[in-house]
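Residue-level listing of the chains:
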2 protein chains.
Amino acid sequence: MPNIKQIAEAAGVSVTTVSRVLNGHPYVSSAKREAVEEAIRRLNYSRNMNAVHLIKGMTQTIGVILPNINHYYFARIMEGVAKQALKNNYQLMLCQTGYRPNEERKVLEMLRNKQMDGLIICSRALSLRDIEVFADYGPIALCERVSGRNLSSVYIDHYASFQTAIRYLWEKGKRRIAFTIYRRNSPSSRSRLKAYTDTLAALGGQAREDWVLDGYLDWEDGAALVDRLLAMNERPDALLITGDQVAAGFILSARLHGIEVPGDFAVIGFDNQPISSLLGITTIDNRLSEIGERAFSIVHAQISGGEGHPVSEELSFQFIERSSV
Amino acid sequence: MPNIKQIAEAAGVSVTTVSRVLNGHPYVSSAKREAVEEAIRRLNYSRNMNAVHLIKGMTQTIGVILPNINHYYFARIMEGVAKQALKNNYQLMLCQTGYRPNEERKVLEMLRNKQMDGLIICSRALSLRDIEVFADYGPIALCERVSGRNLSSVYIDHYASFQTAIRYLWEKGKRRIAFTIYRRNSPSSRSRLKAYTDTLAALGGQAREDWVLDGYLDWEDGAALVDRLLAMNERPDALLITGDQVAAGFILSARLHGIEVPGDFAVIGFDNQPISSLLGITTIDNRLSEIGERAFSIVHAQISGGEGHPVSEELSFQFIERSSV
DNA sequence: CTGTTAGCGCATTCAT
DNA sequence: ATGAATGCGCTAACAG
């Protein structure tokens, strides 16, 4: 592969002039411009972007941390991020770290290394304190509510969405409400647990610790939920299921057991996945794609606009009433 | 951010020595090694990887081209790729190009640019001829059958899998077999169409052009398929549906219309997605995650092992009999 | 409008 | 075991 110097020689100009046409700068006579373009074509030249990255101190790349790309929640966020990245001519580093703190640290280190200009964290194992340290090296946005830190944030109000869902169930006459989550200590789970407790207390209902069901992430977990409920002495009459694929797994498995939704259990799902529409699951649209798009745009704006303060942006969820309650 | 020279000064050694401890080389006295490590810690030094990439002519990054990450098929392949990337300490550039030739070209250009050391193409719009040109700049693997070119390939024999499915339907007494695909001119669709024609001809059945249904990619497409079938004068009695989410969309929508599977239409899906298990869909496991893993490993081996010839690797599909036929 | 020159930060001969 | 010097390929003052 030839370099810029060889192109300069071949075209009979200086490297500066080559660099200028490469970067579309003005002040190049069309004669020289054409000579350079001809040399580039003839020698099959292509710029070595690593040299550009070195000298500019930037890579036009942002990283995305997520536990697993093969899950609707993350793939949908990523889709939104990628859409904006394409539009803004940015590259994406996909970092599937499986909630392993050390892998997350390696990615943060890449920000420091200048392999990426900014970072989006869809979900995390590390503490905010550990993450914030790296904000000195480039803008970081999280897909969760964060405040009082040098970190940007795009989020849905999970507390309010849970409150909405619980009140809806209550109005429909449900008094025995349980809910499922994946990780008990995730930020969203904490908000939801608090909403569960607060809202039922306000309504005069009962928030039961043994009705907080964790470890539910995917289709098969939803299917397994049926057995767990059947084994209970005291069964709930309504379920909030955080993730429509879990809700779908539950509903489809329930049918096989002769259990009816909403008859035996009312169900509210989350994310408004395509499957929820097909099964008539009442759900809450968390606007995942837009979260991804906004996260990208915020990070991108901070990279371009010379930093500025971190941004916090709340997107409003949407309650979608169908027929599972 | 300090650079290697400042660390050298702070530690009272030369930059060479710093570089040596950075890269874990031998022949450094422990006294100097510790001095360097201390200086690194004290000045909060981090290597600028762009300089390393420039001088080494490599980036420890491979790119992945796919049309859309928010689809089971691609997310599952990507999961496999990412698993191996993590294990081998490689970075992944996710390039969601939406079947736009120009975007695919930009990614190929990045290979030439030395922004990535190799490339995996999950699905494509460009011709093999256009792609092959770039194999001079780094190993490229496609997730489809390719031969006689300077390109590696990991694939399932779609011809054989279709043949298997059609014969199975035939044995079950089905004589009016239709099938759905997404893109009519994709390589896999061509194989499938040929298998459809050949196999039915061999069995003495009828391959009908109007029973080749294209444009079916996702859940809602499956749901829409119901209407399309109902509008037909002559209806098939069996469907091969390439993608379990499409099959699921069809089955769930069919139920709402009082149509029975397998009673009115037998269905065979593809990919062995979790939903197929929940709905009892007979399907063909295309081993997507392993395709991703193998694609990564092949590209990685070629990068490390100084090229060598392109590799072609066929993975065997698995027919999974359930209750939709 | 054009060219000379000086780095960007690092790895790596080649001496010693 | 260590260091001086060279260069990876490019951009951007600066000087004309």
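Residues numbered from 1 in each chain as written. Chains lettered and ligands numbered in written order. Predicted model: local features only at pLDDT ≥ 70, side-chain atom pairs only at ≥ 80, totals over all residues. Heavy atoms only, no water.

Some details on the UniProt feature "domain: HTH lacI-type" (unreviewed entry) in chain A
Logical step 1: Here, the residues flagged by UniProt with the feature "domain: HTH lacI-type" (unreviewed entry) are residues 2-56 of chain A.
Logical step 2: Secondary structure within residues 2-56 of chain A divides into 69% helix and 0% strand; the distance between the first and last C-alpha atoms comes to 21 Å. (UniProt positions renumbered as here; feature names shortened; annotations may be inferred. Helix = DSSP H or I, 4+ residues; strand = E, 2+ residues; numbered from the N terminus.)

Things to note about the protein's contact with DNA strand C
Logical step 1: If you check the shell around DNA strand C, you find 23 residues, and the closest are A:Thr16, A:Ser29, A:Ile55, B:Ile4 and B:Tyr45.
Logical step 2: Among all atoms of DNA strand C positioned within 4 Å of the protein, those belonging to sugar or phosphate total 63%.
Logical step 3: Contact between DNA strand C and A:Thr16: a base oxygen at 2.6 Å from a side-chain N or O atom of the residue.
Logical step 4: For the surface near DNA strand C, the secondary-structure elements that each account for two or more residues are α2 (15-22) and α4 (49-56) of chain A together with α2 (15-22) and α4 (49-56) of chain B.
Logical step 5: Residue contributions to the surface near DNA strand C peak at four residues, all from α2(A).
Logical step 6: Class assignment for the residues of the surface near DNA strand C results in 11 nonpolar, nine polar and three charged. (Near = heavy atom within 4 Å. Polar contact = N/O pair within 3.5 Å; in protein donor to acceptor, adjacent residues only side chain to side chain. Nonpolar A, V, L, I, M, F, W, Y, C, P; charged D, E, K, R; others polar.)

Details of the interface of chain B and chain A
Logical step 1: Chain B puts 51 residues into the contact, and the matching count from chain A is 51 residues.
Logical step 2: Counting the surface lost from both chain B and chain A, the interface buries some 4400 Å², and carbon and sulfur atoms represent 59% of this.
Logical step 3: Counting across the interface, chain B meets chain A through zero salt bridges.
Logical step 4: Counting every contact that joins chain B to chain A gives 19 residue pairs in polar contact (both at pLDDT 80 or more).
Logical step 5: Only α4, α5 (72-87), β2 (91-96), α6 (101-112), α10 (219-230), α11 (244-256) and α12 (274-279) of chain B provide two or more residues apiece to the side of chain B that touches chain A.
Logical step 6: Here the element with the most residues in the side of chain B that touches chain A is α5(B); it accounts for eight residues. (Contact = heavy atoms within 4.5 Å. Buried area = accessible area lost by both parts, 1.4 Å probe. Salt bridge = Lys/Arg side-chain N within 4 Å of Asp/Glu carboxyl O.)

As for the packing of aromatic side chains
Residues and elements named next belong to chain A.
Logical step 1: Following the criterion strictly, the structure yields 18 aromatic pairs over all chains and no others.
Logical step 2: With centroids separated by 5.7 Å and ring planes inclined at 25 degrees, the aromatic side chains of Phe162 and Phe270 adopt a geometry described as stacked. Taken together, the residues Phe162 in helix α8 (residues 158-171) and Phe270 in strand β9 (residues 266-270) connect sequence positions 108 residues apart. Here the two residues Phe162 and Phe270 agree in accessibility, since each one is buried. (Phe/Tyr/Trp six-rings, centres within 6.5 Å; stacked < 30°, edge-to-face > 60°. Buried < 20%, exposed > 50% of the residue type's maximum accessible area, 1.4 Å probe, protein only.)

Details of the environment of B:Ile251
Logical step 1: Residue placement: B:Ile251 occurs in helix α11.
Logical step 2: Assessed through its relative accessible area of 5%, B:Ile251 is described here as buried.

Description of the relation of the copies chain B and chain A
Logical step 1: Relative to chain A, chain B is turned by 180 degrees and slid 0.0 Å along the rotation axis, the superposed coordinates differing by an RMSD of 0.1 Å. Here the copies are linked by what is in effect a two-fold axis. Among all residues of chain B, the minimum C-alpha distance to the rotation axis is found for B:Met93, at 2.3 Å.
Logical step 2: Both copies present the same face, since 100% of the interface residues in chain B are matched by interface residues at the equivalent positions in chain A. (Least-squares fit on C-alpha atoms with pLDDT ≥ 70 in both.)

A look at the side chain of B:Thr282
Residues and elements named next belong to chain B.
Logical step 1: Within the secondary structure, Thr282 is located in strand β10 (residues 282-285).
Logical step 2: You can call Thr282 buried: its relative accessible area is 0%.
Logical step 3: Looking at Thr282, its side chain comes within polar contact range of the main-chain nitrogen of Arg322, at 2.8 Å.
Logical step 4: Look past the residues within four positions of Thr282 in its chain and what remains in contact with it is Val267, Ile268, Gly269, Phe319, Ile320, Glu321, Arg322, Ser323, Ser324 and Val325.

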